[in-house]
Amino acid sequence: MGLAENAAAAAGRTAAEQAPATDFREAPNLTEPDIGDLTKDAAPTTSAVTAWSRVMGTVRAIGKNEQFDGGRAGKFNFRGIETALNSFGPACRKHGVLVIQHRVETEYRDITTSGGSKMRECTALVTFRIYGPDGSYFESQAAGEASDSGGRSTPKAQSIALRTLLINNGLVPTEDRDADAVHFERAENPVRPAVSYLDEICDPRTSAGRLRQIHHELNSTRQLGALVTNEVGDEERVGEMVVRIGKERAAGGGQ
(Lines give C-alpha, C1' and ligand atoms only; values in the text may rest on other atoms or scores of the structure.)
Protein backbone atom coordinates (compact mmCIF):
# COMPACT_ATOMS: atom_id res chain seq x y z
CA MET A 1 0.00 0.00 0.00
CA GLY A 2 1.39 3.34 -0.99
CA LEU A 3 1.48 6.66 0.88
CA ALA A 4 -1.74 7.86 -0.70
CA GLU A 5 -3.59 4.66 0.27
CA ASN A 6 -2.20 4.74 3.83
CA ALA A 7 -3.24 8.36 4.31
CA ALA A 8 -6.71 7.65 2.92
CA ALA A 9 -7.15 4.58 5.14
CA ALA A 10 -6.14 6.55 8.25
CA ALA A 11 -8.78 9.14 7.40
CA GLY A 12 -11.42 6.52 6.71
CA ARG A 13 -11.53 7.19 2.97
CA THR A 14 -10.44 5.38 -0.16
CA ALA A 15 -7.53 6.66 -2.25
CA ALA A 16 -9.97 7.69 -4.98
CA GLU A 17 -11.89 9.80 -2.45
CA GLN A 18 -8.68 11.23 -1.00
CA ALA A 19 -7.18 12.51 -4.25
CA PRO A 20 -8.73 15.68 -5.69
CA ALA A 21 -9.61 15.78 -9.34
CA THR A 22 -6.79 17.12 -11.50
CA ASP A 23 -7.49 19.33 -14.48
CA PHE A 24 -4.86 18.77 -17.17
CA ARG A 25 -4.47 21.39 -19.89
CA GLU A 26 -2.25 21.45 -22.93
CA ALA A 27 0.76 23.73 -22.78
CA PRO A 28 0.54 26.84 -24.95
CA ASN A 29 2.22 26.74 -28.32
CA LEU A 30 5.66 28.24 -27.72
CA THR A 31 7.12 27.23 -31.08
CA GLU A 32 9.25 30.00 -32.55
CA PRO A 33 8.82 31.03 -36.17
CA ASP A 34 11.00 29.46 -38.82
CA ILE A 35 14.18 31.54 -38.85
CA GLY A 36 15.98 29.76 -41.63
CA ASP A 37 19.45 28.26 -41.95
CA LEU A 38 21.51 29.45 -38.99
CA THR A 39 24.81 28.35 -40.50
CA LYS A 40 24.20 30.64 -43.47
CA ASP A 41 22.95 33.71 -41.61
CA ALA A 42 25.40 33.50 -38.69
CA ALA A 43 28.65 32.97 -40.57
CA PRO A 44 31.62 33.02 -38.13
CA THR A 45 33.30 35.87 -40.03
CA THR A 46 30.34 38.24 -39.65
CA SER A 47 31.07 41.30 -37.49
CA ALA A 48 28.82 42.59 -34.73
CA VAL A 49 27.81 45.67 -36.72
CA THR A 50 26.90 43.67 -39.81
CA ALA A 51 25.01 41.05 -37.80
CA TRP A 52 23.03 43.72 -35.94
CA SER A 53 22.09 45.40 -39.21
CA ARG A 54 20.65 42.04 -40.31
CA VAL A 55 18.67 41.84 -37.07
CA MET A 56 17.27 45.28 -37.88
CA GLY A 57 16.30 44.00 -41.31
CA THR A 58 14.47 41.06 -39.76
CA VAL A 59 12.57 43.06 -37.11
CA ARG A 60 10.74 45.67 -39.18
CA ALA A 61 7.90 46.48 -36.77
CA ILE A 62 6.53 45.58 -33.35
CA GLY A 63 2.85 46.12 -32.67
CA LYS A 64 1.61 47.75 -29.48
CA ASN A 65 -0.67 44.90 -28.51
CA GLU A 66 -0.52 45.21 -24.72
CA GLN A 67 -3.14 47.42 -23.10
CA PHE A 68 -3.10 49.58 -19.99
CA ASP A 69 -6.24 50.83 -18.28
CA GLY A 70 -5.31 53.40 -15.67
CA GLY A 71 -8.76 54.76 -14.95
CA ARG A 72 -8.35 58.50 -14.66
CA ALA A 73 -4.81 58.17 -16.03
CA GLY A 74 -6.30 56.99 -19.32
CA LYS A 75 -6.08 53.96 -21.56
CA PHE A 76 -3.36 53.24 -24.08
CA ASN A 77 -1.58 50.45 -25.90
CA PHE A 78 2.08 49.76 -25.26
CA ARG A 79 4.81 47.26 -26.08
CA GLY A 80 6.44 45.65 -23.06
CA ILE A 81 9.68 43.77 -22.55
CA GLU A 82 8.06 40.42 -23.44
CA THR A 83 6.91 41.78 -26.81
CA ALA A 84 10.38 43.14 -27.55
CA LEU A 85 12.07 39.88 -26.57
CA ASN A 86 9.62 37.78 -28.60
CA SER A 87 10.52 39.85 -31.67
CA PHE A 88 14.28 40.30 -31.19
CA GLY A 89 15.06 36.90 -29.64
CA PRO A 90 14.48 34.80 -32.78
CA ALA A 91 16.14 37.45 -34.98
CA CYS A 92 19.25 37.57 -32.78
CA ARG A 93 19.51 33.77 -32.76
CA LYS A 94 19.06 33.70 -36.53
CA HIS A 95 21.97 36.07 -37.10
CA GLY A 96 24.22 34.88 -34.26
CA VAL A 97 23.90 38.03 -32.15
CA LEU A 98 24.31 38.10 -28.36
CA VAL A 99 23.00 41.03 -26.30
CA ILE A 100 24.82 40.87 -22.96
CA GLN A 101 24.26 43.13 -19.96
CA HIS A 102 27.79 44.29 -19.10
CA ARG A 103 27.49 46.96 -16.40
CA VAL A 104 24.68 48.47 -14.30
CA GLU A 105 24.76 51.82 -12.51
CA THR A 106 21.81 52.47 -10.21
CA GLU A 107 20.43 55.33 -8.15
CA TYR A 108 17.58 55.07 -5.66
CA ARG A 109 15.18 57.35 -3.88
CA ASP A 110 12.04 56.97 -1.81
CA ILE A 111 8.89 58.57 -3.21
CA THR A 112 5.28 58.97 -2.15
CA THR A 113 2.37 58.60 -4.57
CA SER A 114 -0.60 60.93 -4.56
CA GLY A 115 -2.49 58.17 -2.76
CA GLY A 116 0.04 58.19 0.08
CA SER A 117 1.77 54.91 -0.79
CA LYS A 118 5.50 54.64 -0.16
CA MET A 119 7.56 53.37 -3.08
CA ARG A 120 11.22 52.87 -3.93
CA GLU A 121 12.32 54.34 -7.24
CA CYS A 122 15.30 52.97 -9.15
CA THR A 123 17.03 54.62 -12.08
CA ALA A 124 19.36 52.20 -13.86
CA LEU A 125 21.92 53.08 -16.52
CA VAL A 126 22.81 49.79 -18.19
CA THR A 127 25.74 49.21 -20.53
CA PHE A 128 25.14 46.38 -22.99
CA ARG A 129 27.60 44.61 -25.25
CA ILE A 130 26.25 43.40 -28.58
CA TYR A 131 28.37 40.53 -29.93
CA GLY A 132 28.54 39.26 -33.51
CA PRO A 133 29.38 35.75 -34.74
CA ASP A 134 33.07 36.65 -35.16
CA GLY A 135 33.39 37.60 -31.47
CA SER A 136 33.55 41.34 -32.06
CA TYR A 137 31.21 43.61 -30.12
CA PHE A 138 30.09 47.17 -29.66
CA GLU A 139 28.68 48.79 -26.54
CA SER A 140 25.47 50.72 -26.13
CA GLN A 141 23.78 52.24 -23.10
CA ALA A 142 20.12 52.55 -22.16
CA ALA A 143 18.41 53.88 -19.05
CA GLY A 144 15.36 52.55 -17.26
CA GLU A 145 13.33 53.93 -14.39
CA ALA A 146 10.82 52.04 -12.28
CA SER A 147 9.15 52.20 -8.88
CA ASP A 148 7.85 49.45 -6.68
CA SER A 149 6.53 49.06 -3.16
CA GLY A 150 8.41 45.78 -2.77
CA GLY A 151 11.92 44.87 -3.85
CA ARG A 152 11.38 44.76 -7.60
CA SER A 153 12.24 48.28 -8.72
CA THR A 154 15.77 47.27 -9.80
CA PRO A 155 14.87 44.33 -12.11
CA LYS A 156 11.94 46.34 -13.50
CA ALA A 157 14.27 49.26 -14.32
CA GLN A 158 16.75 46.87 -15.97
CA SER A 159 13.96 45.31 -18.05
CA ILE A 160 12.86 48.74 -19.22
CA ALA A 161 16.47 49.57 -20.14
CA LEU A 162 16.70 46.36 -22.22
CA ARG A 163 13.41 47.10 -23.98
CA THR A 164 14.60 50.65 -24.70
CA LEU A 165 17.91 49.36 -26.08
CA LEU A 166 16.26 46.86 -28.42
CA ILE A 167 13.62 49.24 -29.75
CA ASN A 168 15.89 52.27 -30.09
CA ASN A 169 18.92 50.45 -31.51
CA GLY A 170 16.65 48.41 -33.74
CA LEU A 171 15.07 51.65 -35.04
CA VAL A 172 11.64 50.11 -34.54
CA PRO A 173 9.02 52.69 -35.64
CA THR A 174 6.84 54.17 -32.92
CA GLU A 175 3.50 55.82 -33.51
CA ASP A 176 2.80 57.21 -30.06
CA ARG A 177 4.20 57.25 -26.57
CA ASP A 178 5.47 54.03 -25.05
CA ALA A 179 4.70 53.46 -21.39
CA ASP A 180 4.89 50.98 -18.57
CA ALA A 181 1.92 48.90 -17.62
CA VAL A 182 2.04 50.53 -14.18
CA HIS A 183 1.14 54.17 -13.78
CA PHE A 184 0.87 56.37 -10.74
CA GLU A 185 0.96 60.07 -9.94
CA ARG A 186 3.70 61.39 -7.72
CA ALA A 187 2.95 63.68 -4.84
CA GLU A 188 5.15 66.73 -4.39
CA ASN A 189 8.18 65.77 -2.31
CA PRO A 190 9.25 68.24 0.40
CA VAL A 191 12.47 70.10 -0.39
CA ARG A 192 15.40 68.68 1.53
CA PRO A 193 17.09 71.52 3.48
CA ALA A 194 20.71 72.31 2.75
CA VAL A 195 21.78 71.75 6.36
CA SER A 196 20.66 68.10 6.15
CA TYR A 197 23.46 67.41 3.66
CA LEU A 198 26.27 68.51 6.02
CA ASP A 199 27.04 65.14 7.60
CA GLU A 200 27.28 63.50 4.18
CA ILE A 201 29.35 66.33 2.71
CA CYS A 202 31.87 66.19 5.57
CA ASP A 203 32.03 62.40 5.71
CA PRO A 204 35.41 61.34 4.23
CA ARG A 205 33.73 58.23 2.79
CA THR A 206 31.53 60.37 0.52
CA SER A 207 32.98 60.18 -2.99
CA ALA A 208 33.62 63.10 -5.32
CA GLY A 209 30.92 61.69 -7.59
CA ARG A 210 28.32 61.80 -4.82
CA LEU A 211 29.39 65.37 -3.99
CA ARG A 212 28.72 66.36 -7.59
CA GLN A 213 25.28 64.81 -7.27
CA ILE A 214 24.65 66.74 -4.03
CA HIS A 215 25.69 69.96 -5.80
CA HIS A 216 23.18 69.19 -8.57
CA GLU A 217 20.41 68.52 -6.02
CA LEU A 218 21.12 71.77 -4.19
CA ASN A 219 21.17 73.65 -7.48
CA SER A 220 17.83 72.17 -8.55
CA THR A 221 16.27 73.42 -5.29
CA ARG A 222 18.06 76.80 -5.49
CA GLN A 223 19.95 76.34 -2.24
CA LEU A 224 23.57 76.71 -3.38
CA GLY A 225 23.76 80.10 -1.67
CA ALA A 226 22.44 78.88 1.69
CA LEU A 227 24.81 79.63 4.60
CA VAL A 228 25.83 76.64 6.71
CA THR A 229 28.45 75.95 9.37
CA ASN A 230 31.31 74.08 7.73
CA GLU A 231 33.61 71.43 9.20
CA VAL A 232 35.83 74.00 10.97
CA GLY A 233 32.95 75.99 12.45
CA ASP A 234 32.91 78.86 9.94
CA GLU A 235 29.94 80.06 7.95
CA GLU A 236 30.18 79.13 4.26
CA ARG A 237 27.82 78.92 1.34
CA VAL A 238 26.92 75.27 0.96
CA GLY A 239 27.53 75.28 -2.80
CA GLU A 240 31.07 76.60 -2.35
CA MET A 241 31.66 74.09 0.43
CA VAL A 242 30.62 71.17 -1.77
CA VAL A 243 32.89 72.35 -4.62
CA ARG A 244 35.84 72.86 -2.27
CA ILE A 245 35.55 69.47 -0.60
CA GLY A 246 34.84 67.80 -3.92
CA LYS A 247 38.08 69.13 -5.37
CA GLU A 248 39.95 67.89 -2.30
CA ARG A 249 38.44 64.41 -2.68
CA ALA A 250 39.20 64.31 -6.40
CA ALA A 251 42.77 65.41 -5.80
CA GLY A 252 43.10 62.66 -3.23
CA GLY A 253 42.08 60.02 -5.75
CA GLY A 254 38.36 59.76 -4.91
CA GLN A 255 35.87 59.24 -7.70
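This write-up is about the structure you can find in this document. All figures in this text were calculated on a predicted structure; none of them were measured in a lab. (Residues numbered from 1 in each chain as written. Predicted model: local features only at pLDDT ≥ 70, side-chain atom pairs only at ≥ 80, totals over all residues. Heavy atoms only, no water.)

**Considerations on the sheet that holds strand 3 (residues 98–112)**
By way of backbone hydrogen bonds, the strands of a sheet pair with one another, either parallel or antiparallel. Heads up, the rule is: Criterion used throughout: strands pair if DSSP finds at least two bridges between them. The numbering of helices and of strands both runs from the N terminus, where a helix is a DSSP run of H or I of at least 4 residues and a strand a run of E of at least 2. Here the axes come from fitting lines to C-alpha atoms, over the contacting stretch only for helices, and the angles between their N-to-C directions go from 0 to 180 degrees. The criterion used for residue contact is that any of the two residues' heavy atoms lie within 4.5 Å.
Strand order in the open sheet formed by three strands is 3-4-5, with antiparallel pairing between adjacent strands. Where the open sheet ends on each side, the last strands, each with one partner, are strand 3 and strand 5 (137–148). Each adjacent strand pair in this sheet contributes to an overall mean axis angle of 15 degrees, direction not counted. Looking at chain direction, strand 4 (residues 118–131) and strand 5 are connected through twelve bridges and run antiparallel. Counterpart to Arg-129 in the pairing with strand 5 is Glu-139. Helix 6 (residues 153–169) contacts strand 3, strand 4 and strand 5 of the sheet and is inclined by roughly 135 degrees relative to strand 5.

**Description of the packing of helix 5 (residues 81–94) against helix 6**
Short version of the rule: What sets the label is the angle itself: under 35 degrees gives roughly parallel, over 145 gives roughly antiparallel, 65 to 115 gives roughly perpendicular, and the rest give oblique. In this scheme the handedness of a crossing depends on how the near helix is turned from the far one: anticlockwise by less than a right angle means left-handed, clockwise means right-handed. In this count, Pro and Cys sit with the nonpolar residues alongside Ala, Val, Leu, Ile, Met, Phe, Trp and Tyr, while Asp, Glu, Lys and Arg are called charged and the others, Gly among them, polar.
For the pair helix 5 and helix 6, the least separation of the axes is 9 Å and the interaxial angle reads 45 degrees. Between helix 5 and helix 6, the angle falls in the class oblique. Where helix 5 crosses over helix 6, the handedness of that crossing is left-handed. Residue-level contacts link Ile-81, Ala-84, Leu-85 and Phe-88 of helix 5 to Ser-159, Leu-162, Arg-163, Leu-166 and Ile-167 of helix 6. Here the residues of the contact of helix 5 with helix 6 sort into seven nonpolar, one polar and one charged.

**Let's talk about the nonpolar core**
Rules: For the purposes of this section, nonpolar cores are sets of buried Ala, Val, Leu, Ile, Met, Phe, Trp, Tyr and Cys residues that join through side-chain atoms within 4.5 Å. Partly exposed residues are those whose accessible area sits between 20% and 50% of the maximum for their type, while under 20% is buried and over 50% is exposed, using a 1.4 Å probe and protein chains only.
Ranked by size, the top nonpolar core spans 26 residues in total, and within it Trp-52, Val-55, Phe-88 and Val-97 carry the most contacts. Secondary-structure elements contributing two or more residues to this core are helix 4 (48–58), helix 5, strand 4, strand 5 and helix 6. Looking at this core, the element that brings in the most residues is helix 6, giving seven residues. Once residues lying within four places of it in the same chain are set aside, the contact partners of Val-97 are Ala-51, Trp-52, Val-55, Cys-92, Ile-130 and Tyr-131. The next biggest cluster of nonpolar side chains, apart from the first, holds twelve residues, and it includes Leu-198, Ile-201, Val-228 and Val-238.

**Considering unusual backbone geometry**
Note: most peptide bonds trans; most residues except glycine with negative phi. Here the phi dihedral of Leu-171 falls at roughly 50 degrees; this positive angle occurs in a residue that is not glycine. Relative to the helices and strands, Leu-171 resides in the loop between helix 6 and helix 7 (198–202).

**Overview of the pattern of salt bridges**
To keep things clear, this is the line we draw: Put simply, a salt bridge is a Lys or Arg side-chain nitrogen that is within 4 Å of an Asp or Glu carboxyl oxygen.
This model, assessed by the stated rule, comprises 13 salt bridges. Between Glu-105 and Arg-103 there is a salt bridge, with the nearest N and O atoms lying 3.8 Å from each other. Accessibility expressed as a relative area gives 37% for Arg-103, which makes it partly exposed. One salt bridge connects Arg-152 with Asp-148, and the closest N-O pair in it is separated by 3.4 Å. Under the relative-accessibility criterion, Asp-148 is labelled buried at 6%. Here the residues in one salt-bridge network are Arg-192, Glu-200, Arg-210 and Glu-217, joined through shared partners.

**A look at the packing of helix 4 against helix 5**
Following both chains from N to C, one finds helix 4 and helix 5 inclined at 135 degrees, their axes separated by 9 Å at the closest point. If you check the angle between helix 4 and helix 5, you find them oblique. Crossing of helix 4 against helix 5: the hand is right-handed. Within the contact between the two elements, helix 4 uses Trp-52, Val-55 and Thr-58 and helix 5 uses Phe-88, Ala-91, Cys-92 and Lys-94. Its residues assigned to classes, the contact of helix 4 with helix 5 comprises five nonpolar, one polar and one charged.

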